[in-house]
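# Inside the fold
Listed below, chain by chain, are the residues.
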Amino acid sequence: MKTTFYSNGKLLITGEYLVLDGAKALALPTKFGQNLIVENGSNQEIQWKSYDFDKHLWFEDVITFSEIINSPASEIETVKTTLIQILHEAYLLNPDFINTSEGYKISTQLTFPKNWGLGTSSTLLNNIAQWTKIDAFTLLKNSFGGSGYDIACAQNDTPIIYQLEQNLPLVEAVDFNPDFAQNIHFVYLNKKQNSKAAIKAYYNNKNQNLTQNITDSNKITNAVLNAKTIKEFAIALEKHEIHLSNILELQTIQEIAFPDFNGVVKSLGAWGGDFVMAVSKENPAVYFASKGYETILSYNEMILS
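All of these numbers come straight from a predicted model, not from anything done at the bench.

## Quick notes on the packing of aromatic side chains
Across all of its chains, the model carries 19 aromatic pairs by this definition. On the basis of an interplanar angle of 35 degrees and a centroid distance of 6.1 Å, the ring pair of phenylalanine 176 and phenylalanine 233 is categorised as tilted. Of this pair, phenylalanine 176 sits in the loop between strand 7 (168-173) and strand 8 (184-188) while phenylalanine 233 sits in helix 9 (residues 230-248); the two residues are 57 residues apart in sequence, bridging distant segments of the chain. Classification of phenylalanine 176 by relative accessible area gives buried; the value is 5%. Each residue in the set Phe176, Phe180, Phe186, Phe233 and Tyr299 is aromatic and connected to the rest through ring pairs, giving one cluster. Over the aromatic face of tryptophan 58 sits the side chain of lysine 114, whose NZ or CZ is 4.5 Å from the ring centroid.

## What to know about the pattern of salt bridges
Scanning the model with the defined rule gives 6 salt bridges in all. Measuring nitrogen to oxygen at the nearest pair gives 3.0 Å for the salt bridge that ties glutamate 16 to lysine 266. On the criterion of sequence distance, the pair formed by glutamate 16 in the loop between strand 1 (2-12) and strand 2 (25-40) and lysine 266 in strand 9 (residues 264-267) is long-range, its members being 250 residues apart. Take glutamate 16 and lysine 266: they sit in the same class, and that class is buried. A salt bridge links glutamate 60 to lysine 49; the shortest N-O distance between them is 3.8 Å. Within this pair, whereas glutamate 60 is found in strand 4 (residues 57-64), its partner lysine 49 is found in strand 3 (residues 45-51), the two being separated by 11 residues in sequence. The exposure class of glutamate 60 is partly exposed, given its relative accessible area of 48%. Where salt bridges share partners, they join Glu16, Glu241 and Lys266 into one cluster.

## Brief notes about the nonpolar core
Counting 40 residues, the largest nonpolar core has Ile46, Trp48, Leu87, Ile128 and Trp131 as its most contacted members. Looking at this core element by element, the count peaks at 6 residues for helix 2 (residues 79-93). Here tryptophan 131 is in contact with Phe5, Leu36, Val38, Ile46, Leu87, Phe97, Tyr104 and Ile106, once residues within four sequence places are set aside. With 35 residues, the next largest nonpolar core counts Leu118, Ala234, Met277 and Leu297 among its residues.

## Here's the deal with the pairing of strand 6 (residues 160-165)
Within a regular strand, the side chains alternate between the two sheet faces. Strand 6 sits mainly inside the fold: 5 of its 6 residues count as buried. Looking at chain direction, strand 2 and strand 6 are connected through 3 bridges and run antiparallel. Paired with leucine 26 across the bridge in strand 6 is isoleucine 161. When strand 6 meets strand 7, the two strands line up antiparallel, connected through 6 bridges.

## Some thoughts on the sheet that holds strand 10 (residues 275-279)
In spatial order, the strands read 9-10-8-11; together these 4 strands make up an open sheet with antiparallel pairing. Whereas interior strands pair on both sides, the edge strands pair on one side only; in this sheet they are strand 9 and strand 11 (296-298). For this sheet the average axis-to-axis angle between neighbouring strands, irrespective of direction, equals 25 degrees. Bridge count for strand 8 against strand 11 is 3 bridges, and the pairing is antiparallel. Bridge pairing in strand 11 links phenylalanine 186 to leucine 297. Against the sheet, helix 9 engages strand 8, strand 9 and strand 10, with an angle of about 45 degrees to strand 9.

## A short note on the side chain of threonine 221
By the secondary structure assignment, threonine 221 is in helix 8 (residues 210-226). Not counting residues within four places of it along the chain, the set of residues in contact with threonine 221 comprises Thr14, Gly15, Lys24, Leu26 and Ile161.

## Comments concerning the pairing of strand 9
Neither face of strand 9 is open: one carries Val264 and Lys266, the other Val265 and Ser267, and all of them are buried. Bridging between strand 9 and strand 10 involves 4 bridges; their strand directions are antiparallel. Residue pairing for strand 10: valine 264 is matched across the bridge by valine 279.

## Side note on the packing of helix 8 against helix 9
The description of two packed helices rests on the angle between their axes and on the distance between the axes. Direction vectors running N to C along helix 8 and helix 9 enclose 160 degrees, while the axes themselves pass 8 Å from each other. Put simply, helix 8 runs roughly antiparallel to helix 9. Crossing hand, helix 8 versus helix 9: left-handed. Residues Asn213, Asp216, Ser217, Ile220, Ala223, Val224 and Asn226 of helix 8 lie in contact with helix 9, whose contacting residues are Glu232, Phe233, Ala236, Leu237, Lys239, His240, His243 and Ile247. Split into classes, the residues belonging to the contact of helix 8 with helix 9 amount to 7 nonpolar, 5 polar and 3 charged.

Calculation criteria
Residues numbered from 1 in each chain as written. Predicted model: local features only at pLDDT ≥ 70, side-chain atom pairs only at ≥ 80, totals over all residues. Heavy atoms only, no water. Phe/Tyr/Trp six-rings, centres within 6.5 Å; stacked < 30°, edge-to-face > 60°. Helix = DSSP H or I, 4+ residues; strand = E, 2+ residues; numbered from the N terminus. Buried < 20%, exposed > 50% of the residue type's maximum accessible area, 1.4 Å probe, protein only. Lys NZ or Arg CZ within 6 Å of the ring centre and 35° of its normal. Salt bridge = Lys/Arg side-chain N within 4 Å of Asp/Glu carboxyl O. Core = buried A, V, L, I, M, F, W, Y, C linked by side-chain atoms within 4.5 Å. Contact = heavy atoms within 4.5 Å. Pairing = 2+ DSSP bridges. Axes fitted to C-alpha atoms, helices over the stretch in contact; angles between N-to-C directions. Parallel < 35°, antiparallel > 145°, perpendicular 65-115°, else oblique. Left-handed = near helix turned anticlockwise from the far one by under 90°. Nonpolar A, V, L, I, M, F, W, Y, C, P; charged D, E, K, R; others polar.

Dropping the structure here:
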């Protein structure tokens, strides 16, 4: 018997970093995601295969049930040790998927290139949680950590406002389908951002004005969500970038890489990597291609709505 689970990828539009401390964040599930296909196996082990979007096998290994139960300590972090860690935490939350099984054959298949940073880990976590019948937010907290907005996107098919209240996730489906969607593009920066390093930088720079910063950030998120014109939208995004630039003591991506762009460029998620959002009256493809950025997706190509 074969069972398939699927989770959506994600883009964080507002509230990056501050979402960890309770700020509201606007997040958009993407049309891209990841499948997890589970079949019965044998030998008290999982034969695991992971495929990229082009069906290229990028990881293959065997994980024994005893490794999942005991999660042996390892010095070096690899794909296999990370998988064992996730499965071990899942086992602690619900051991049935190990205790009642002979073994499994599992394959994962991304529908986006894995270096795009649209949620290779979060879609995997949510799929594993669905399969093992546990809470994905708890699994995240016990394994990788993070705000959980990416898990919320994995589970929702519409734009959401995401917030942590007393460390518990609040997810609100919102109506975000702007008339100016054709003026929004997503540009891949060919650079995978390590969010752990960026989160550390945020905590190091997090100043004493946290409550005020969250209030300001929430106001901007509301302005982005409720913008009626491309101009209102662009102004709110610009405010957001300046606000975070001051908190992180970092230049904005537009200052660093695109100062001559006729429009607004905004970092999405961890600053400095993966995708940026470009808002402009003209199609920005020629501009970004001239800078060496070939992967440009329209709002309609990227966002699930």
